[in-house]
Amino acid sequence: MAARSSHRSRHSMLSLFVALATVLPAARAQLSPTFYASSCPAALVTIKTAVRAAVLLDRRTAASLLRLHFHDCFVQGCDASVLLDDTGNFTGEKGAGPNAGSLRGFGVIDTIKALLEALCPRTVSCADILAVAARDSVVALGGPSWTVQLGRMDSTTASLSTANTDLPSPASSLSTLLAAFARKGLSSTDMVALSGAHTMGQAQCQNYRGRIYNDTDVDAGFAASLRAGCPAAGGGGANAPLDASTPNAFDNAYYGNLVAQRGLLHSDQELFNGGSTDSLVRSYAASPAQFSSDFAAAMVKMGGIGVLAGSSGQVRRNCRRVN
């Protein structure tokens with residue numbers, strides 16, 4: 001009896017190991033840069049070509065696509081939840097305070113997805129499209145490249161509330177920024193490097209009004225030059241480049257602006273305002289190579305936040321809605 005019991009026990013354990021071996025790879029799948037090498041070998045060049053075309057038509061698109069990836073990863077992880085439209089029984093993230101009226105680039109993602117569905121149906125996830133398009137956008141404006149890890153799945157849910165709480169505000173203090181990034185597993189170096197994405201793109205008047213009228217750590221001439229297009233009260237007002245020095249290039253000029261107290265947003269200038277990140281801002285302002293290296297590393301790290309794998313997600317056929 002003891003021998004039979006021992007045999008049954010070993011058989012049960014073996015069955016359990018087999019079952020776990022079947023389940024765990026899907027649940028714990030590792031991202032890989034060659035994920036689509038066999039299933040959709042033209043995926044990366046297709047995304048790159050579409051991004052380049054879109055940026056040629058409107059250089060601001062580069063910043064928009066990079067911002068989409070950031071706003072995706074900070075809410076539920078890098079799962080393309082940011083792309084989901086509201087429906088009668090579903091509320092997405094596009095209407096959240098940090099997103100409403102300012103997120104752009106959805107049409108470019110739609111175009112890329114349609115191309116990839118024609119080439120390789122139900123193969124390339126929207127989350128991976130966002131990650132690759134972000135990299136290609138930076139490269140299109142002269143910034144660094146990096147190897148994008150692939151194999152993310154798309155979510156079937158979104159979170160308006162998380163978008164409202166987890167995306168940093170342009171009025172954030174340094175401590176708030178550090179805490180927001182730390183909650184996502186990103187260091188202070190990652191935060192300062194990723195903030196360098198503000199070397200391109202624009203901000204709405206409502207997001208820099210307080211900076212140019214109320215802040216004291218701002219270059220007087222810089223603030224005065226912006227007030228004409230952004231009245232102290234009321235709606236409207238003009239957009240302004242986040243990096244007035246080189247608005248259409250991805251470079252380290254953003255950090256030189258901060259040293260000169262010419263950061264457009266309050267949250268930008270907080271990186272250089274007598275706090276713990278001042279020295280790193282000075283380093284990036286002096287060394288384009290250090291900034292490029294740290295930015296690329298931080299982008300890879302951010303691209304791994306909360307990734308869905310295997311049966312925990314899906315590959316959407318249309319990035320705007322769940323299958």
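Since the structure is predicted, the reported quantities are computational estimates derived from the model, not experimental observations.

A. View of the side chain of Asp243. Checked against the element boundaries, Asp243 lands in the loop between strand S2 (240-241) and helix H11 (253-259). Buried Asp243, no salt bridge; nearest opposite-charge side chain is Arg262, N-O distance 8.1 Å. A polar atom in the side chain of Asp243 sits 3.2 Å from the side chain of Thr199. Only 2.8 Å separates the side chain of Asp243 from the side chain of Asn257, close enough to count as a polar contact. With sequence-adjacent residues up to four places away left out, Asp243 is seen in contact with His198, Thr199, Asp251, Ala253, Tyr254 and Asn257.

B. Region of the structure containing the UniProt feature "domain: Plant heme peroxidase family profile" (unreviewed entry) in the protein chain. UniProt records the feature "domain: Plant heme peroxidase family profile" (unreviewed entry) at residues 30-323, using the numbering of this structure. Structurally, residues 30-323 comprises 46% helix and 1% strand, and the distance from its first C-alpha atom to its last is 24 Å.

C. Representation of helix H4 (residues 106-119) in the model. Taking 1.5 Å per residue as the helical rise, H4 with its 14 residues ought to reach 20 Å, and the 20 Å between its terminal C-alpha atoms agrees with that figure. Close packing links the buried residues of H4 with helix H2 (43-57), helix H3 (60-73) and helix H5 (126-140).

D. Spotlight on the state of the cysteines. Throughout the structure, instances matching the rule amount to four disulfides. The disulfide partner of Cys40 is Cys120, and the gap between their sulfur atoms is 2.0 Å. Between Cys40 and Cys120 the sulfur-sulfur dihedral comes to about 75 degrees; the bridge is accordingly right-handed. Placement of the pair is Cys40 in the loop between helix H1 (2-27) and H2 and Cys120 in the loop between H4 and H5, with a sequence separation of 80 residues. Exposure remark for Cys40: the relative accessible area of 1% places this residue in the buried category.

E. Molecular detail of the packing of aromatic side chains. A full pass over the atoms with the stated rule returns 12 aromatic pairs. When the ring of Phe35 is compared with that of Tyr36, the centres are 5.0 Å apart and the planes differ by 85 degrees; the resulting orientation is edge-to-face. A relative accessible area of 41% places Phe35 in the partly exposed class. Plain terms: the ring middles of Phe250 and Phe295 are 4.9 Å apart, the flat faces sit at 55 degrees to each other, and that makes the pair tilted. Note that Phe250 is positioned in the loop between S2 and H11 and Phe295 in helix H14 (residues 288-302), a separation of 45 residues in sequence.

F. Fine view of the confidence of the model for the protein chain. Taken as a whole, the protein chain shows an average pLDDT of 91; of its residues, 91% reach a score of 70 or greater. Across residues 1-29, confidence stays below pLDDT 50; counting only partners more than four residues off in sequence or on other chains, it has five contacts.

G. Spotlight on the pattern of salt bridges. Summed over all chains, the structure comprises 12 salt bridges. In this structure, Arg152 engages Asp128 in a salt bridge whose closest nitrogen and oxygen atoms are separated by 2.7 Å. Here Arg152, found in the loop between H5 and helix H6 (160-166), pairs with Asp128, found in helix H5; they are 24 residues apart in sequence, far enough to count as distant. Across the pair Arg262 and Asp219 runs a salt bridge, and its minimum N-O distance is 3.4 Å. Placement of Arg262 in the loop between H11 and helix H12 (266-269) and of Asp219 in the loop between helix H9 (205-214) and helix H10 (220-227) is noted, with a sequence separation of 43 residues between them. Judged by relative accessible area, which is 33%, Arg262 ranks as partly exposed.

H. Structural context of the side chain of Asn99. Counting through the fold element by element, Asn99 comes out in the loop between H3 and H4. Looking at Asn99, its side chain comes within polar contact range of the side chain of His71, at 2.6 Å. Those residues in contact with Asn99, other than ones at most four positions away along the chain, are His71, Val82, Glu93, Lys94, Ala163 and Leu167.

I. Representation of the environment of Cys120 in the model. The exposure class assigned to Cys120 is buried, which follows from its relative accessible area of 9%. In sequence terms Cys120 and Ser39 are 81 residues apart; their C-alpha atoms lie 7.4 Å from each other. Each residue touching Cys120, except ones within four places of it in the same chain, is listed here: Ser39 and Cys40.

J. Focus on the nonpolar core. Counting residues in each nonpolar core, the largest one holds 72 residues, and the members touching the most others are Leu66, Leu83, Ile109, Phe295 and Met302. The element that contributes the greatest number of residues to this core is H5, accounting for nine residues. Ignoring sequence-local partners within four residues, the contact set of Ile109 consists of Leu65, Leu68, Leu83, Ile129, Leu130, Ala133 and Cys319. With 13 residues, the next largest nonpolar core counts Ala203, Val218, Ala240 and Leu265 among its residues.

Procedures and definitions
- Residues numbered from 1 in each chain as written.
- Predicted model: local features only at pLDDT ≥ 70, side-chain atom pairs only at ≥ 80, totals over all residues.
- Heavy atoms only, no water.
- Helix = DSSP H or I, 4+ residues; strand = E, 2+ residues; numbered from the N terminus.
- Buried < 20%, exposed > 50% of the residue type's maximum accessible area, 1.4 Å probe, protein only.
- Lys, Arg positive; Asp, Glu negative; His and termini not counted.
- Salt bridge = Lys/Arg side-chain N within 4 Å of Asp/Glu carboxyl O.
- Polar contact = N/O pair within 3.5 Å; in protein donor to acceptor, adjacent residues only side chain to side chain.
- Contact = heavy atoms within 4.5 Å.
- UniProt positions renumbered as here; feature names shortened; annotations may be inferred.
- Expected span 1.5 Å × (residues − 1).
- Disulfide = S-S within 2.5 Å.
- Phe/Tyr/Trp six-rings, centres within 6.5 Å; stacked < 30°, edge-to-face > 60°.
- pLDDT = per-residue confidence, 0-100.
- Core = buried A, V, L, I, M, F, W, Y, C linked by side-chain atoms within 4.5 Å.

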